[in-house]
Amino acid sequence: MILLDTRELDHPIPMEMAVNAFKKLSGDEVIQMIHRREPIPLFEIILKNGGRFRSIQLEENLWHIYITRSKTVDLEAIDV
Amino acid sequence: MYNGLSFEQAPPISAVMRFFLTVPIFGIMLTLLVGFHPDEILIASHPLSLASIHVMFLGVITMAMFGALFQMQSVLGGCSIPNAAGNAFLIHLFLSIGTLSLGSAFLFVSPPLFVVAAVFLGSSILYTAKLILPLLFRGSSHDTLRGMKIALICLAIVVLLGIVMASEYANETFGSLHEAIRTIHYSFGLIGWIAVLIIAVAFQVVEMFYVTAPYSSWCKRYGLLIIAVSLGLKAFWTLLSLPFVWMFDALIGALLIGFIATTMKRLLNRKRRVSDVSIWFWFFGIGLLFVSLSAYTIYSLSGIELFQPMALVAFALFALSIILGMIGKIVPFLIWFHLNAAGYMDTPIMSNIITHTRAKLLFVLFVSTALFTLVGSLYHPFLSIGAIMGSAMFALLLYNIFTALALYAHTVRFGVRFDCDTEIR
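Residue indices begin from 1 for each chain and proceed along its sequence in written order. The naming scheme follows written order: chains are lettered A onward, ligands numbered 1 onward. At least 70 in pLDDT is required for a residue's local features to be given in this predicted model, at least 80 for side-chain atom pairs to be given and counted, and no such filter applies to totals for whole chains, interfaces and linings, which use all residues.

### Some details on the overall build of chain B
In step 1: Secondary structure summary: chain B contains 13 helices and zero strands in total.
In step 2: In sequence order, chain B lays out its α and β elements as α-α-α-α-α-α-α-α-α-α-α-α-α.
In step 3: As defined in this context, the radius of gyration uses C-alpha atoms, and a globule is described by 2.2 Å times the residue total to the power 0.38. Its C-alpha atoms give chain B a radius of gyration of 21 Å, near enough to 22 Å, the size a compact globule of 425 residues would have.
In step 4: C-alpha extents for chain B along the principal axes are approximately 75 × 45 × 45 Å. To qualify as a helix, a DSSP run of H or I must reach at least 4 residues; to qualify as a strand, a run of E must reach at least 2; elements of each kind are numbered from the N terminus.

### Considering the overall build of chain A
In step 1: In terms of regular secondary structure, chain A is built from two helices and four strands.
In step 2: Note on burial: count the other C-beta atoms lying within 10 Å of the residue's C-beta; 20 or more is buried, 12 or fewer is exposed, in between is partly exposed, and C-beta positions come from the backbone. The proportion of buried residues among the 80 residues of chain A is 32%.
In step 3: Considering only contacts in chain A between residues 6 or more positions apart, those separated by 24 or more positions represent 56%. What counts as a contact here is a pair of residues whose C-beta atoms, placed from the backbone, lie within 7 Å.

### Structural notes on the interface of chain B and chain A
In step 1: Of the residues lining the interface, 27 residues belong to chain B; the matching set on chain A comes to 24 residues.
In step 2: Among the elements of the structure, helix H6 (178-210) and helix H10 (307-341) of chain B are those that each provide at least two residues to the side of chain B that touches chain A.
In step 3: In the scheme used here, Gly and all other residues not listed as nonpolar or charged are polar, with Ala, Val, Leu, Ile, Met, Phe, Trp, Tyr, Cys and Pro taken as nonpolar and Asp, Glu, Lys and Arg as charged. The residue inventory of the side of chain B that touches chain A, partitioned by class, reads 19 nonpolar, three polar and five charged.

### Regarding the pairing of strand S2 (residues 30-35) of chain A
All names here are of chain A.
In step 1: Burial along S2 is one-sided: the face carrying Ile31, Met33 and His35 is buried and the face carrying Val30, Gln32 and Ile34 is not.
In step 2: Sheet topology note: the strand S1 (residues 2-5)/S2 ladder contains four bridges and is parallel. Paired with Ile2 across the bridge in S2 is Ile31.
In step 3: Only when DSSP finds a minimum of two bridges between them are two strands counted as paired. Pairing analysis gives six bridges linking S2 to strand S4 (residues 62-68), with the strands arranged antiparallel.

### With respect to the sheet that holds S4(A)
Residues and elements named next belong to chain A.
In step 1: Read across the open sheet, the four strands follow the order S1-S2-S4-S3; overall the sheet is mixed. Because the sheet does not close on itself, it has two edges, and the strands there are S1 and strand S3 (52-59). Neighbour to neighbour, the strand axes of the sheet diverge by 15° on average, direction disregarded.
In step 2: Note on geometry: axes are C-alpha line fits, over the in-contact stretch for helices, and angles between N-to-C directions span 0 to 180 degrees. Those strands touched by helix H1 (residues 13-23) are S1, S2 and S4, and its axis lies near 175° from that of S2.

### Comments concerning the packing of helix H1 (residues 13-36) of chain B against H10(B)
Residue and element names in this part refer to chain B.
In step 1: At a closest axis distance of 11 Å, the pairing of H1 and H10 adopts a crossing angle of 155°. One finds that H1 runs roughly antiparallel with respect to H10. The two elements H1 and H10 cross, and the hand of that crossing is left-handed. Residues Ile13, Val16, Met17 and Phe20 of H1 form the contact with H10, whose own contacting residues are Ile327, Val331, Leu334 and His338.
In step 2: Each residue belonging to the contact of H1 with H10 can be placed in one class, and the counts come to seven nonpolar, one polar and no charged. Any angle that falls under 35 degrees is termed roughly parallel, while one over 145 is termed roughly antiparallel, one within 65 to 115 roughly perpendicular, and all others oblique. Left-handed describes a crossing in which the near helix is turned anticlockwise from the far one by less than a right angle; the clockwise case is right-handed.

### A closer look at the packing of helix H2 (residues 47-77) of chain B against helix H4 (residues 111-138) of chain B
Residues and elements named next belong to chain B.
In step 1: Between H2 and H4, whose axes approach to 11 Å, the crossing angle comes to 20°. The pairing of H2 with H4 is recorded here as roughly parallel in orientation. The interaxial crossing formed by H2 with H4 has left-handed handedness. From H2, Phe66, Leu69, Gln73 and Gly77 reach across to H4, where they touch Thr128, Ile132, Leu135 and Leu136.
In step 2: When grouped by side-chain class, the residues that make up the contact of H2 with H4 number five nonpolar, three polar and no charged.

### Notes on the nonpolar core
Looking at soluble globular proteins, one finds that nonpolar side chains tend to be buried together.
Residue and element names in this part refer to chain B.
In step 1: In these notes, a nonpolar core means any group of buried Ala, Val, Leu, Ile, Met, Phe, Trp, Tyr and Cys residues linked to one another through C-beta atoms within 7 Å. Grouped together as the largest cluster of nonpolar side chains are 165 residues, with contacts concentrated most on Ala64 and Val196.
In step 2: A per-element tally of this core places H10 first, with 25 residues.
In step 3: Setting aside residues up to four positions removed in sequence, Val196 forms contacts with Gly147, Ile150, Ala151, Cys154, Ile191, Leu224 and Ile227.

Here it is in structure tokens:
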């Protein structure tokens, strides 16, 4: 699991970090992004480039986003 | 589809960029008007003054805000604008023709051009409201979206009143309500459209871009609503010539002071002290809003005519400051986003799309423009220097946007696409 904690980073650094990490993903690797809001434009980039994601809101300003390029990893099975 | 939201919703890059690219072109036209006619430009109701005001508020400010609306509605509203590229093309074309016609109508005192302007501006703005308002009412509930609804409704009122006044100018006869309509027209334009939209956008971007504490729930929920109700009551009072109409200005002024204080506090107490030119534009813009409110208060209390144009100039500069700061953030983001969404591996990083040096130079030129123009509103010879600075500033803005688009076009043509299956085992 590649951890990206971007809660304290100002826009657009979290997006750039997540996309850079996404481009380097291999095999069953998964990115766990922790962010203070749901990065909706990021999801469009992931989906258009063959990736998948799972986005979970844990608190008002706390989102966990799991991203992978693997076709086999079950993101729903990840224990949040 | 995930969580009920569509992620195929970002409008095409052309839909937004055509508006931004036109902003500096109208800006340069405006500086030419100011530069060549510094003595007439600040005389209330002078044709040159009216032409400049409308080029500024339609060709520069509304043009930029329409671009931002196309982008923000799609992302925040959760539903995309239908046929965004085609609609943006038409709205932009009609807004451009309408602004040019209205500016020319005032300049050349041409009744037929007022009719042309009314047709094109009315079509463009009312069609935008008809296109976006239903999406805002249908989409997710969000404080910024609520503000966008109020702003668009106010803009529709502004243009309807504008059409009434354009018909008066075209017929060269003015009804008994002309002054009242004019007051409502500019009040809804300056406060209901421009200030409300900027405040609504601030609710979203100040916290997101600069990692600040969020605005209070009360402020987000009721602030803009109170402004809208105050504007409605002010219109009613003005039409019926009722006394104490100033109390609505005072209430709106107090809310704007509250916005200045609360925004300043958030920006000063932000968590990360990263040097970012866009935040300088926010600080400076908020300062200009304070100057505008102060000048208007002095004018209202003392009746010294000199402070009325100063209030208007400072307000326009406040809006321009926020717009320049936001364009500096949005343009690199859009280029980066669309290239990445299309899968280009060698997408440039955002800070290389408009370099920090050029962004800083734009800020320096804007500050010079603002200071010379504000002093020029009191002592006219400085207006020409402000206009020269403004020309340089808008030329640099045009260069920044143009080079960003050239970089986009170059990457699309020669860039290497991301292979979705290469690394997956």
